[in-house]
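Each chain, letter by letter, is given below.
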Amino acid sequence: MNSTEPHRDIPPTDFELLIAPGLSRRRFVGGLGMTTLGAFFSSAIPARLLAQTRSPLLGFASVPASTADTFVVPPSYTARPLISWGDPLFADAPEFDDTARQDAAAQLRQFGDNTDGMSFFPLEDGRALLAVNNEYANIDRLYPHDGSVISAEDARKAQAAHGVSLFEIRATADGFWQVDRSSPLNRRLDVQTPMAVHGPAAGHPLLQTSADPSGRAVLGTVANCSNGKTPWNTYLTCEENFQDYFQPGDASTTFSERHTRYQIPSDDLGAQWYRHEARFDLSKEPHEPHRFGWIVEVDPFNPQDTPKKRTALGRIAHENAALLVNADGRVVVYMGDDSRGEHIYRFVSRERFDPQDPAAIATLLDHGTLYAARFSATPGELRGKGEWIALEHGRNGLTTDAGFADQAEVLIFARLAATAAGATTMDRPEWIAVHPQSNSVFCTLTNNRNRGVHDTQPVDGANPRAENHYGQIIRWTPAGGDHTAASFDWDLFVIAGNPAVHKSGLYAGSANITPENMFNSPDGLAVDAAGRLWIQTDGDDTNEGIFAGMGNNQMLCADPATGEIRRFATGPLGCEMTGIAFAADSRTLFVGVQHPGEDGRDSHFPGGGNTRPRSTIMMVRRDDGGVIGT
Ligand code: FEO
Ligand code: CA
Ligand code: CA
């Protein structure tokens, strides 16, 4: 979701003052590794020259910014819907009803709402399994009414629209794909699906509730934002804005920082589940929110599998999980916590990944060390060094005296632990993607428009703008190419901006931003097999004021080596683009179009006419069947 804010004069930051004088048409160069100001002054490359670079990786013609209610791809590409909210996932499921009268039971047999992160698991014979997050429900579109008053049945229907949809797809003669409703692998996870708690916090008293005195058996997953995929073929679904589902039934209930740091109780009153289900009522079950905000591992090939909440990875507003196997065999997971002034995390497994040892794999994500990142800027530069701070009880200030009784409390309150240990506050970390060819890691810092809310969010090298309406993508490379190393070097790959509105300085963006490719609020992020970096946006799509010329939310493709960024696709009105998966042969790209018509925008995507707008997964193919992006 995003909000529209009026155009206003933006004061320069210290960093901007450093580079602004005399640089009217020259801007910070992010993509060429020339990020020191010294290098900038001595050998600055004008932005226009960079814009003319023709990356050998990017073989498509860019598309213009759009304000149309359509999904646009480059010439010689075609996009088609695969599945939309409410489409049946099972042979006995009802078809979508555009009057939105289907009940909760029907919704639970249909594709959930707000398609988000997804993974493609290839099967044999032109078949594959798609695992897709359904992040939340558009309650103003979910019912025949406007969703302002929610009955118990309405709440149950909304819950059924959340979670994960798993379904088999088959390639058709023309290369596109279709859902196979008859597959025994098709499955829905929702807010009532039994799940197990694993790792150091399992069974902890802070996870116990009146319905579950064991602290190990949770009902459901919620706010499933983005995802990860393991080399042992499981799916990781990441619980992000879980705080929005908990409210106190008794207004006099008080809360400590252990709740409020997670924005509990939430100021989002839309869900209203607490009126109908006691576990969402904070006055009755203050521990229930401790059971959400985790990364959940799902075996997509076993419909009987009980999903596992992996507490060793910490409890935050998890965006995605960028998982890799380090050269030494240990598993590393990079994770962003998407909230203003929150942190970036890394998990390093204790054991090494052995493909021949399924028993060890079953607990690989339960034992290891969670870290949070500290970014230090070289004075006056937009790059620097960084270090990983271990979030281990008894180390780095995480003691009983400091409020952490044991390691489980460090993990349950990872935000508090990371801050206490000295991690850097960031401009809303969203997706993280690892670029295997260079060993570098990219993270979208989507925006931060209200820095003043927390006095703990300084303007610094990694987060250099006081009013960050546009966002940036930070890149780090671990020391020695070892993702378990204690330190790294970082720079800013791109600073999004508007060079048509701001003629110079950081609000114009880095030199790889031009009037032709500009965007705001980078969010989704993925690296394809050839090393292209794909960027999706979830930003201000008013196309007005400081956002003029950017149009609807979009998808871009970058060459990490040259820094060139080219717009690949534009979405319909009021949508965000989120969710990226490639078929195994890289010849179909699956793209999530989430919440078209948000904020009352007049979208009828994808059905057209007078139909209700529906979140939809689009399939994109080259007309000649070639590799996407080439
Ligand atoms: Fe679900 Fe931060 O996006
Ligand atoms: Ca996101
Ligand atoms: Ca976002």
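So, the overall build of the chain
Secondary structure summary: the chain contains nine helices and 28 strands in total. Expressed as lengths along the three principal axes of its C-alpha atoms, the size of the chain is roughly 65 × 60 × 55 Å. Partitioning the contacts of the chain with sequence separation of at least 6, the portion at a separation of at least 24 is 65%. With 54 positive and 78 negative side-chain charges, the chain shows a spacing of 4 Å between the two charge centroids.

Section: the sheet that holds strand β16 (residues 368-377)
Here nine strands make up an open sheet; going across it, the order is β13-β14-β15-β16-β17-β21-β20-β19-β18 and the pairing antiparallel. Strands at the two margins of the open sheet, each flanked by one partner only, are β13 (322-325) and β18 (429-435). Between one strand axis and the next, the sheet turns through 25 degrees on average, direction left out of account. Pairing of β13 with strand β14 (residues 330-336), which is carried by four bridges, proceeds in the antiparallel orientation. What sits directly across from Val 325, in β14, is Val 331.

Observations concerning the coordination of the calcium ion (ligand 3)
Binding of the calcium ion (ligand 3) to the protein goes through Glu 430 (OE), Asp 523 (OD) and Asp 538 (OD), at separations of 2.3 to 2.4 Å. Donor residues binding the calcium ion (ligand 3) come from one chain and are separated in sequence as E-x92-D-x14-D. Looking at Glu 430, the relative accessible area reads 2%, which means it is buried. When its relative accessible area of 2% is taken as the criterion, Asp 523 is described as buried.

Overview of the coordination of the calcium ion (ligand 2)
Surrounding the calcium ion (ligand 2) are the protein donor atoms Glu 319 (OE), Glu 430 (OE), Asp 523 (OD) and Asp 523 (OD), which sit 2.3 to 2.6 Å from the metal. We note that the donor set of the calcium ion (ligand 2) lies within a single chain, spaced as E-x110-E-x92-D. Here the calcium ion (ligand 2) and the calcium ion (ligand 3) are spaced 3.8 Å apart, and both take Glu 430 as a donor. With Glu 319 in the loop between β12 (308-310) and β13 and Glu 430 in strand β18, this residue pair connects regions lying 111 residues apart in the sequence. An identical accessibility class is assigned to Glu 319 and Glu 430; each is buried.

Examining the sheet that holds strand β24 (residues 554-558)
Spatial strand order, β22-β23-β24-β25: four strands in an open sheet with antiparallel pairing. Among the strands making up the open sheet, the edge pair consists of β22 (522-527) and β25 (565-570). Within this sheet the neighbouring strands show an average axis-to-axis angle of 25 degrees, counted without direction. Where β24 lies against β25, five bridges are found, and the strand directions are antiparallel. Following the sheet pairing, Gln 554 is matched in β25 by Thr 570.

Quick word on the pattern of salt bridges
Proximity of charged atoms lets side chains of opposite charge pair with each other. Under the defined criterion, the tally for this structure stands at 35 salt bridges. Between Arg 258 and Glu 409 there is a salt bridge; the shortest N-O distance is 2.6 Å. Of this pair, Arg 258 sits in helix α6 (residues 257-260) while Glu 409 is found in helix α8 (residues 407-412), placing the two residues 151 residues apart along the sequence. A relative accessible area of 9% places Glu 409 in the buried class. With a shortest N-O distance of 2.7 Å, Glu 277 and Arg 279 are connected by a salt bridge.

Notes on helix α9 (residues 414-421)
Along α9, six of the eight residues are buried, which leaves the element largely enclosed by surrounding structure. Along α9, the residues that are buried comprise Ala 414, Arg 415, Leu 416, Ala 417, Ala 418 and Ala 421. The elements touched by buried residues of α9 are α6, β15 (344-352), β16, β17 (383-390) and α8. Just downstream of α9, Gly 422 is the residue with a positive phi angle, here 100 degrees.

Let's talk about the nonpolar core
Formed by 66 residues in total, the largest nonpolar core has its most connected members in Tyr 245, Trp 273, Val 333, Tyr 345, Leu 365 and Leu 391. Those elements that provide at least two residues to this core are α5 (152-161), β10 (235-239), β14, β15, β16, α8 and α9. The biggest single contributor to this core is α9, with five residues. Once residues within four sequence positions are removed from consideration, Trp 273 is found in contact with Ala 155, Ala 158, Gln 159, His 162, Val 191, Val 222, Tyr 245 and Phe 280. Ranked by size, the runner-up nonpolar core spans 26 residues in total, among them Tyr 334, Ala 373, Val 434 and Trp 476.

A short note on α5
The element α5 is largely enclosed, with a buried count of seven among its 10 residues. Within α5, burial applies to Asp 154, Ala 155, Lys 157, Ala 158, Gln 159, Ala 160 and Ala 161. Those residues of α5 that are buried are in contact with α4 (104-107), β3 (127-134), β4 (163-171) and β6 (187-189). Following α5 by one or two positions, Gly 163 adopts a phi angle in the positive range, close to 110 degrees.

A few points about unusual backbone geometry
Cis rather than trans, the peptide bond between Ile 264 and Pro 265 has omega equal to 0 degrees. Relative to the helices and strands, Pro 265 resides in the loop between α6 and β11 (295-298). Note the cis peptide between Phe 605 and Pro 606, where omega equals 0 degrees. Within the secondary structure, Pro 606 is located in the loop between β27 (589-594) and β28 (616-622).

Remarks on the confidence of the model for the chain
Confidence in the prediction of the chain, expressed as mean pLDDT, is 92, and 91% of residues score 70 or more. In this model residues 1-8 is a low-confidence stretch, pLDDT under 50, and it forms 24 contacts with partners more than four residues away in sequence or in other chains. Taken together, the stretch residues 28-49 has pLDDT below 50 and engages in 54 contacts with residues farther than four places along the chain or on a different chain.

Digging into the side chain of Arg 188
Within the secondary structure, Arg 188 is located in strand β6. No salt bridge is formed by the buried Arg 188; its nearest oppositely charged neighbour, Asp 190, is found at 5.7 Å. A polar atom in the side chain of Arg 188 sits 3.3 Å from the backbone oxygen of Gln 107. Among the polar contacts listed, one links the side chain of Arg 188 to the backbone oxygen of Val 164, at a separation of 3.1 Å.

Cut-offs applied
Residues numbered from 1 in each chain as written. Chains lettered and ligands numbered in written order. Predicted model: local features only at pLDDT ≥ 70, side-chain atom pairs only at ≥ 80, totals over all residues. Heavy atoms only, no water. Helix = DSSP H or I, 4+ residues; strand = E, 2+ residues; numbered from the N terminus. Contact = heavy atoms within 4.5 Å. Lys, Arg positive; Asp, Glu negative; His and termini not counted. Charge placed at Lys NZ, Arg CZ, Asp CG, Glu CD. Pairing = 2+ DSSP bridges. Axes fitted to C-alpha atoms, helices over the stretch in contact; angles between N-to-C directions. Donors = N, O, S within 2.8 Å, 3.2 Å for Na, K, Ca; no water. Buried < 20%, exposed > 50% of the residue type's maximum accessible area, 1.4 Å probe, protein only. Salt bridge = Lys/Arg side-chain N within 4 Å of Asp/Glu carboxyl O. Core = buried A, V, L, I, M, F, W, Y, C linked by side-chain atoms within 4.5 Å. pLDDT = per-residue confidence, 0-100. Polar contact = N/O pair within 3.5 Å; in protein donor to acceptor, adjacent residues only side chain to side chain.

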